[in-house]
Amino acid sequence: MPDERGVSWKVLLPLGPQSRVCAVGLDEGAIAGLRRSYDTVDTEPTGDVQYDAVIVGDQIDGRSSDARDLVHRVKHDGVFVDTGKSCDGKTLYEAGFNVSRCYAALPPDNPRVFVPLASRRLRDKGLAFHSPGSARARMSLAAAKVLNCLGVKRHLAKHAIALCAQNEVACENQSLMRWLSERVGYRVVDLAVYAGSDSPRRKITALAIADDGNADVVVKIADTELGADAVRQESEALQAIASSPLSGHAPRLIAQGSWNRYIVQVQEAISGDGRAQMPHLTGAHFEFLAGLSKMDRTTLPCRETRIWRDLNLWASSQGSLTASSTIGVALKRVLSSEFADLPVLCHWTHGDFTPWNIRMRGGRLLVYDWEDGESDGLAYSDLFHFLFRQASLVGPWPGARTLVRAMNDAASRLSVLSGTDCDATTVLTVWCLKEYMSNPKDNLVGLVSQVSRIVNE
């Protein structure tokens, strides 16, 4: 499947879904992403059609029309979008395009964040919106922030997406910013956009930057059915958190509705104390998870949990999974009637409890991105997820034996704090298979193998 994240800036376009769009010189992922949003997307100009939007990328070849000619295919109230520096400002000005919004595309080689360039204030907020996980990306972002503080934006403008129109009304009429302004009750002046992950439940996330004196908000925009399900699931989790003792540890849900066929959720923007991501579990992490374990706590037979049912469905579709493989043996054991009847402790879980979804403020955790939250999640599963994702994505990978030991030690500590009594090995077996189901990796096979050795000892 083509990666559609590079066209996440499409939520900045002031167009309705019935708009006719001409997109020339864009890659396969960008075209697929645009076709999710607009009824007609031509990859070459058709006849003498005038378009609601013409989008020009950096892959224009000899078979495509020249960018200068494409400027004149835009309706008077339409938008011209340049994503690859294909059209000079003089040509646009001569064609009557005197209104534009520009967004830096970061990182330049594989854009995932789109930062408004209109002012230093907007650039500051956009650059602070997303905190990348890799050390290299964090260093690049830190350098961009320093240059911006000095008033330098040339490095950002070098790789920018420009949205150009002939009048301000064309930029505002059907825009997401106008829709958001009506929902929050004050003017939203711009958006910083984050492309999100490439999971099937992906959605586009934006920081809606308010005018002076009002609060910024975070916006989740789903352009797929699975993404819409994720947004709805997060809304349910945020509502549950809001009525619990953990209400100050998660964003407040402000609104949910529909814009341009997208399901859109608006939530409070939370900020930390400026420290980098916490790669290790601290007392604050354990205190938060102990509080979370008390929300809708219950004991169920394993077969009645959502995770077990999902594994059962997945197993029936895995014709190529051999019964003798490490995963096959473990899966057969988990789906056996004896294992399925085992009692397991369930409660609300976050589902993606990782350093990049957590901020610290005043010594306590602020946790966001609850779209994988479940009311019948397995005890300790957030702990296991945190340790595995940090080790596998950021590293260093300590090896299966060391990681399983760390997982069991963390589960024992949480058990004391939360007053729970649940077999961590049982939960770890199910969690490993569930993680493998959604993202098969060799290091997960190693974890399953190590847990199986413990079971057989």
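Residues numbered from 1 in each chain as written. Predicted model: local features only at pLDDT ≥ 70, side-chain atom pairs only at ≥ 80, totals over all residues. Heavy atoms only, no water.

### Comments concerning the packing of helix α10 (residues 283-292) against helix α14 (residues 381-394)
It is the contact of α10 with α14, at a shortest axis distance of 10 Å, that shows an interaxial angle of 145 degrees. Within the contact between the two elements, α10 uses His285, Phe286, Leu289 and Leu292 and α14 uses Asp382, Leu383 and Phe386. Considered class by class, the residues forming the contact of α10 with α14 number 5 nonpolar, 1 polar and 1 charged. (Axes fitted to C-alpha atoms, helices over the stretch in contact; angles between N-to-C directions. Helix = DSSP H or I, 4+ residues; strand = E, 2+ residues; numbered from the N terminus. Contact = heavy atoms within 4.5 Å. Nonpolar A, V, L, I, M, F, W, Y, C, P; charged D, E, K, R; others polar.)

### Focus: the state of the cysteines
What the rule picks out here adds up to 0 disulfides. Here Cys164 is not cross-linked by a disulfide; its sulfur's nearest cysteine counterpart is in Cys102, at 6.4 Å. (Disulfide = S-S within 2.5 Å.)

### Observations regarding unusual backbone geometry
Among all residues save glycine, negative phi is the norm, and among peptide bonds the norm is trans. The amide bond that connects Leu106 to the next residue, Pro107, takes the cis arrangement and shows omega of -15 degrees. Along the chain, the position of Pro107 falls in the loop between β5 (99-106) and β6 (113-116). The backbone phi angle of Arg261 is positive, close to 75 degrees, even though this residue is not glycine. Within the secondary structure layout, Arg261 lies in the loop between β11 (253-259) and β12 (262-268). A relative accessible area of 52% means that Arg261 is categorised as exposed. For Asp296, which is not glycine, the phi torsion reads 55 degrees and is therefore positive. The exposure class of Asp296 is exposed, given its relative accessible area of 52%. (Buried < 20%, exposed > 50% of the residue type's maximum accessible area, 1.4 Å probe, protein only.)

### Things to note about the side chain of Asp223
Along the chain, Asp223 falls in the loop between β10 (217-222) and α9 (225-242). Residue classification places Asp223 among the buried residues on the basis of a relative accessible area of 11%. One polar contact links Asp223 to Lys10, side chain to side chain, over a distance of 2.6 Å. If we ignore the near neighbours within four places in the chain, the residues touching Asp223 are Lys10, Arg36, Arg202 and Tyr262. (Polar contact = N/O pair within 3.5 Å; in protein donor to acceptor, adjacent residues only side chain to side chain.)

### With respect to the packing of aromatic side chains
For the structure on display, the rule yields 10 aromatic pairs. Look at Phe384 and Trp431: their rings are 6.3 Å apart centre to centre, the planes differ by 65 degrees, and that puts the pair in the edge-to-face class. Here Trp431 lies in helix α16 (residues 424-438) and Phe384 lies in helix α14, a separation of 47 residues in the sequence. For Phe384, a relative accessible area of 0% gives the class buried. Trp431 sits in the buried class, given a relative accessible area of 3%. Connected via pairs of aromatic rings, a cluster forms that spans Tyr380, Phe384, Phe388, Trp397 and Trp431. The ring centre of Trp308 lies 5.7 Å from the NZ or CZ of Arg303, which sits over that ring. (Phe/Tyr/Trp six-rings, centres within 6.5 Å; stacked < 30°, edge-to-face > 60°. Lys NZ or Arg CZ within 6 Å of the ring centre and 35° of its normal.)

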